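# Coordinate inspection notes
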Amino acid sequence: MTAAAETIQVKGRKPGFGVAAWAAVRRHTLTVLAGLGFAYLLVPIAVVILFSFNDPAGRRNLTWQGFTLDNWLNPFAYPDLRAAVELSLKIAALSTIVATVLGTLIALALVRYRFRGRNATNLLIFLPMATPEIVMGSSLLTLFLNYSFPLGFTTILIAHIMFNISYVVVTVRARLIGFDRHLEEAAMDLFANPLTTFFRVTLPLIAPGVIAAGLLAFALSVDDFVITYLVSGSETTFPLFVWGAARVAVPPQINVIGSAIFLVAVGLMLANVVWQRRRSLKGA
Amino acid sequence: MLHRNRWLTPYLLLGPGLAWLAVFFIVPLFYLGYTSLQAGDILTGYTFQWAWENYSDAFTLYRPHFLRSLQYAGVATVIAFFISYPLAYWIAFRAGRWKNLFLLLVIAPFFVTYLIRTIAWKTILADQGPVVDFLRTVQLVSDDGRLLATTTAVVAGITYNYLPFMALPLYVSLEQIDHRLIEAAQDLYASRVQAFFRVTFPLALPGVFAGTLLTFIPAAGDFINAELLGTPRQQMIGNVIQSKFKEIADYPQAAALSFVLMAMILLAIVAYTRLIGTERTMAG
């Protein structure tokens, strides 16, 4: 039909310059708008990475002074910064493990079983994602305050597991939906017990989803500021260190750590995508 | 086990995770309500005494902060929608086999620590920075005008930080559209614009609803952008809550403000779910 329309147009008269230009604009508007959108998303990231190579006069890293590799060579110029990064990684690792296990089990139950209380479960998973962090943080804090529970490592860990569970459930569930149950039934028919079936059949099949969920949980944990800030007591994670620094002056080392986290996270995401593609190619 | 006690299995899978969410998400909400009705001072301790004045204060003293939060979040949501739609549409219909790569670009900002990417905006909008320079040259900003420490900066920061929450659900619902429906509309002589507004847009509405919710809710509770990019005149309700918890230790008032914020947001969710149905909201 489009071809026919074009023929008619060509037969009629040659489109003038204005018409052609308008057609070009119409054809490319979407691409240009999308390009601008991507620029908006990515320019600040470029700024973060660029300013990790800045050589500021003092501790203020707001205007470009000159190129240096010093910051990357001494990322932990401030001892507090090293301690903060270590605490963040520790919390992230522990909360990721616990939340991934708990969340994967919930996702399995939601996708594979019909049971009473399904809607209530869905709601309970959805609510934490739909609650502002400040509300979650302050309600957890009031719980701890009312029981005079000491704030610190434990309370941060509890909070991180809590907000990560929902994200794990959603991620794993998305992968489980296309999952072929017959494979499990086949294993059981071949006299595998439920536990063997789970570890030899189910887990390898859902592994990409579980790994993606784990990466997401780790990233969310390392990044979290609001909830951590409220329940941290006197402990300082990396985002809390940045917050403290932002009120005085942000040293370029913060950009170095930020860039490093970004590069590692993107690298792992890409690796997971490539690995999945290989697996699906092999399967086909 | 799987075969004999089938009805029990889902509950065993759900148990640990849901228990965690119940104890550290639902129960704290009750403590938030309980704390919000306490009175006293930090030295002698707060006791429960039906102190409703915390709520009347919330509506009188802090009305400007609530209004500002709703306004900023509303404006940011609308801007994020108009930036995200072409972006999501382009990835869904034009990106071909590179879809996953472009999706990764959309969520890339999440891999840079929230606080660090907000500080990057500080660099971009700085008085000596390129953006202000350009705007002064074209006289959109007066010669001594600035962007940093203005409402514009705060809203721009909020828009940026929550944009992926808008773009992803939009993409998901656009991607699921059966292309044959759009072709059918065009075969029936709908122009491309008509086909978009009569077919594509209505079919992708669940994504619009989900994206709006997921952007508006966290944006309304945000305080980081107002703190880093604004002045006390841009303070949102989140700023008040965090300073009352962390700096002034006025827990009951902070809890009351938090509770009101959550109630407002729950009302919004209920209204939305009524409008489009639970399953669809949560799947988004």
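Thresholds applied
- Residues numbered from 1 in each chain as written.
- Chains lettered and ligands numbered in written order.
- Predicted model: local features only at pLDDT ≥ 70, side-chain atom pairs only at ≥ 80, totals over all residues.
- Helix = DSSP H or I, 4+ residues; strand = E, 2+ residues; numbered from the N terminus.
- Rg over C-alpha atoms; globule rule 2.2 N^0.38 Å.
- Buried ≥ 20, exposed ≤ 12 C-beta atoms within 10 Å, placed from the backbone.
- Contact = placed C-beta atoms within 7 Å.
- Nonpolar A, V, L, I, M, F, W, Y, C, P; charged D, E, K, R; others polar.
- Axes fitted to C-alpha atoms, helices over the stretch in contact; angles between N-to-C directions.
- Parallel < 35°, antiparallel > 145°, perpendicular 65-115°, else oblique.
- Left-handed = near helix turned anticlockwise from the far one by under 90°.
- Expected span 1.5 Å × (residues − 1).
- Bend = angle between axes of the 7 residues up to and from the residue.
- Pairing = 2+ DSSP bridges.
- Core = buried A, V, L, I, M, F, W, Y, C linked by C-beta atoms within 7 Å.
- pLDDT = per-residue confidence, 0-100.

## Description of the overall build of chain A
A count of helices and strands for chain A gives twelve helices and zero strands. In chain A, the order of α-helices and β-strands from amino to carboxyl end is α-α-α-α-α-α-α-α-α-α-α-α. Its C-alpha atoms give chain A a radius of gyration of 26 Å, more than 25% over the compact-globule value 19 Å for 284 residues. When each of the 284 residues of chain A is scored for burial, the buried share is 38%. Within chain A, residue pairs in contact and separated by at least 24 positions form 78% of the contacts whose partners lie at least 6 positions apart.

## Quick look at the interface of chain A and chain B
Counting residues at the interface gives 70 residues for chain A and 72 residues for chain B. Secondary structure elements with two or more residues in the side of chain A that touches chain B: α2 (17-50), α4 (79-112), α5 (118-130), α6 (133-146), α7 (153-176), α9 (194-223), α11 (238-248) and α12 (252-283) of chain A. Tallying contributions element by element places α2(A) first for the side of chain A that touches chain B, with 13 residues. Considered class by class, the residues forming the side of chain A that touches chain B number 54 nonpolar, 14 polar and two charged.

## A look at the packing of helix α3 (residues 63-94) of chain B against helix α7 (residues 151-175) of chain B
Residues and elements named next belong to chain B. As a packed pair, α3 and α7 sit with axes 6 Å apart at the nearest point and diverge in direction by 40°. In this view, α3 runs oblique relative to α7, as classed from their interaxial angle. Considering the relative orientation of α3 and α7, their crossing is right-handed. Among the residues forming the contact of α3 with α7, the class breakdown is 24 nonpolar, two polar and one charged.

## Some points on α3(B)
Residue and element names in this part refer to chain B. Between its first and last C-alpha atoms α3 spans 46 Å; for 32 residues at 1.5 Å apiece the expected length is 46 Å, and the two agree. Considering bend angle alone, the principal kink of α3 is centred on Ser84 and spans about 30°; proline Pro86 follows within four residues of it. At the exit of α3 stands Gly96, carrying a positive phi of roughly 55°.

## Remarks on the pairing of strand β2 (residues 45-48) of chain B
Residue and element names in this part refer to chain B. Two elements, strand β1 (residues 38-41) and β2, share four bridges in a ladder whose sense is antiparallel. Across the sheet, residue Gly40 finds its bridge partner in β2, namely Tyr46. Here β1 folds back onto β2, and the loop between the two strands holds three residues.

## Describing the nonpolar core
Counting 145 residues, the largest nonpolar core has A:Ile106, B:Ala88, B:Leu170, B:Tyr171 and B:Leu257 as its most contacted members. The biggest single contributor to this core is α7(B), with 15 residues. Not counting the four nearest positions on each side in its chain, A:Ile106 is found in contact with A:Ile125, A:Val169, B:Leu13, B:Leu14, B:Gly17 and B:Leu18.

## A few points about the confidence of the model for chain B
Residues and elements named next belong to chain B. With 95% of its residues at a pLDDT of 70 or more, chain B has an overall mean of 83. For chain B, per-element mean pLDDT is lowest for helix α14 (residues 278-283), which scores 48, and highest for α3, which scores 90. Note on residues 279-284: pLDDT under 50 across the span, and 14 contacts to partners over four residues away in sequence or across chains. Here the prediction assigns the complex a pTM of 0.83, and the interface score ipTM is 0.84.

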